[in-house]
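Residue-level structural notes
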Amino acid sequence: MNYLKQHWQQIVISLAILLTLGIAVFQTVRQDRLTTPIANINVRTGPNINYQTKAILKKGQAVYIVQKKDNWYKVRYNDHQFGWVASWLINQSGKIQTATNLSEATIVLDPGHGGSDSGALSIDQKHDEKTYTLQLAKKVRNQLTARGAHVIMTRTGDQDVSLGARPELATDNHADAFISFHYDSSPSNNLGSGFTTYYYHANTSLKLARTINQHLVGLPIENKGVEVGNFEVIRDNLRPALLLEMGYINTDKDFKAIESPAYQNKVAKDVTNGLSAYFETK
Ligand SMILES: [Zn+2]
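Because the structure is a prediction, the values reported are computed rather than measured.

Considerations on the overall build of the protein
The number of helices and strands found in the protein is eight helices and 12 strands. Its C-alpha radius of gyration of 25 Å places the protein more than 25% over the 19 Å reference for a compact globule of 282 residues. Once the C-alpha set of the protein is aligned to its principal axes, its extents read approximately 105 × 35 × 30 Å. Among the 282 residues that make up the protein, the fraction classed as buried is 48%. A separation of at least 24 residues holds for 71% of the contacts in the protein among residues at least 6 apart in sequence. Of the roughly 13900 Å² that the protein leaves accessible, carbon and sulfur atoms contribute 52%. On the protein, the mean spot of the 30 positive side-chain charges and the mean spot of the 25 negative ones are 13 Å from each other.

Shown next as structure tokens:
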């Protein structure tokens, strides 16, 4: 009894230390343990593809999630190392075997118009721009997701989406690229032809515009190059952002391409390859 009286302070302190240690051990064990499902996942110094790579994980490596931010996980790996990985690569099942820089990217695809806003019309007035922008964006989405990228669409059906909400989706998701799909229209039928790659902010988007444009090759209509375009969805956009006008909907020659799945697939493939080349330098 004397011992307790004399040493109660030390005993309380010791119990407090033991309790703290116990909680720490419990939290470490409780951390979500995951196993890398694919090879080559980059560990970066921050939650984005723009941060440096500090390690590359093998397939089947154990990682413990310690923090979540902007769809990225801060993980503990190799016992005591910490770094950031794209959450969709750690969680993915079977789409790809090996991660690439493209698969680490978050890409917002924006099919122009939708809902009550049909966009421009074909010569016979029966075909809406909104239908073909969605068809094309979905093909691009499929190619990108097949290569492991994280794709977000501003719309997946025929619904109204405000012009302001579209770039906001890119900002909110810290997108590494935003691409808006449209078709041109000229004042009178069969006047214009070709496709144009528009950007607005040179510092964030010119490199992306040039890279994508270089990869749009062998298409049946003319490449009219890279231009500055004052469009709200790329002007009010904080992320690398483009607007592609992929042909004139009221020109017979262009419309033949626009409605053809072969053209849509080729554009989707070229855009995907362009994005892959762009992210390869990250
Ligand atoms: Zn349009």
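Having seen the structure, we can now continue with the description.
Here we look at the environment of Gly274
Structurally, the position occupied by Gly274 is in helix H8 (residues 261-280). A relative accessible area of 0% means that Gly274 is categorised as buried. Remark: the alpha-carbon pair of Gly274 and Trp84, spanning 190 residues in sequence, is separated by 25 Å. Sequence-distant contacts of Gly274, that is, excluding residues within four places in its chain, are made with Thr211, Ile212 and His215.

Describing the domain arrangement of the protein
Interface size is commonly expressed as the accessible area that is lost once the parts come together. Domain annotation of the protein identifies domain 1 (2-91) and domain 2 (106-280). Taking the mean C-alpha position of each, domain 1 and domain 2 sit 41 Å from one another. Counting residues at the interface gives seven residues for domain 1 and nine residues for domain 2. Carbon and sulfur atoms make up 48% of the area that domain 1 and domain 2 hide from each other, which totals about 610 Å². Looking at the side of domain 1 facing domain 2, the largest losses of area belong to Ile49, Asp70 and Trp88, adding up to 65% of the total buried there. The interface formed by domain 1 and domain 2 holds zero salt bridges in total.

Regarding helix H5 (residues 202-215)
Relative to the 20 Å expected for 14 residues at 1.5 Å per residue, H5 spans 19 Å between its end C-alpha atoms, a close match to the ideal helical length. What H5 keeps buried is the set Ser205, Leu206, Leu208, Ala209, Thr211, Ile212 and Asn213. Against strand E9 (177-184), strand E10 (195-199), strand E11 (223-228), strand E12 (241-248) and H8 lie the buried residues of H5.

Remarks on the coordination of the zinc ion
Here the zinc ion is held by the protein donor atoms His113 (NE2), Glu129 (OE) and His182 (ND1), which lie 2.1 to 2.2 Å from it. One chain supplies every donor to the zinc ion, and in sequence these donors are spaced H-x15-E-x52-H. Remark: His182 occurs in strand E9 and His113 occurs in the loop between strand E7 (106-111) and helix H3 (129-146); sequence separation between them is 69 residues. Taking relative accessible area as the criterion, His182 reaches 12% and is therefore assigned buried.

Focus on unusual backbone geometry
Positive phi, normally seen in glycine, also occurs at Asn71, with a value near 70 degrees. With respect to the element layout, Asn71 can be found in the loop between strand E4 (62-69) and strand E5 (72-77). At His113, a position not held by glycine, the phi torsion is positive, near 65 degrees.

What to know about empty space enclosed by the protein
This structure, assessed with the given rule, holds one cavity of 30 Å³ or more. By volume, the largest cavity is sized at about 50 Å³. Lining the largest cavity are Pro47, Asn48, Ile49, Asp70, Trp72, Thr106, Asn173, His174 and Asp176. Tallied by class, residues from the lining of the largest cavity come to three nonpolar, four polar and two charged.

Description of a nonpolar patch on the surface
On the surface, Ile13, Ile17 and Leu21 cluster together into a nonpolar patch covering about 300 Å² of accessible area. Mapped onto the fold, Ile17 is located in helix H1 (residues 2-30).

What counts as what
- Residues numbered from 1 in each chain as written.
- Predicted model: local features only at pLDDT ≥ 70, side-chain atom pairs only at ≥ 80, totals over all residues.
- Heavy atoms only, no water.
- Helix = DSSP H or I, 4+ residues; strand = E, 2+ residues; numbered from the N terminus.
- Rg over C-alpha atoms; globule rule 2.2 N^0.38 Å.
- Buried < 20%, exposed > 50% of the residue type's maximum accessible area, 1.4 Å probe, protein only.
- Contact = heavy atoms within 4.5 Å.
- Areas by Shrake-Rupley, 256 points an atom, 1.4 Å probe, with all protein chains shown as cover.
- Lys, Arg positive; Asp, Glu negative; His and termini not counted.
- Charge placed at Lys NZ, Arg CZ, Asp CG, Glu CD.
- Domains from an automatic or database assignment.
- Buried area = accessible area lost by both parts, 1.4 Å probe.
- Salt bridge = Lys/Arg side-chain N within 4 Å of Asp/Glu carboxyl O.
- Expected span 1.5 Å × (residues − 1).
- Donors = N, O, S within 2.8 Å, 3.2 Å for Na, K, Ca; no water.
- 1 Å grid on protein atoms, 1.4 Å probe; cavity = no way out; pocket = protein on both sides within 12 Å on 5 of 7 lines; lining within 4 Å.
- Points joined across faces, edges and corners; volume = space filled by probe spheres on them.
- Nonpolar A, V, L, I, M, F, W, Y, C, P; charged D, E, K, R; others polar.
- Patch = residues over 30% accessible without salt bridge, like charges linked within 9 Å, V, L, I, M, F, W, Y side chains within 5 Å.

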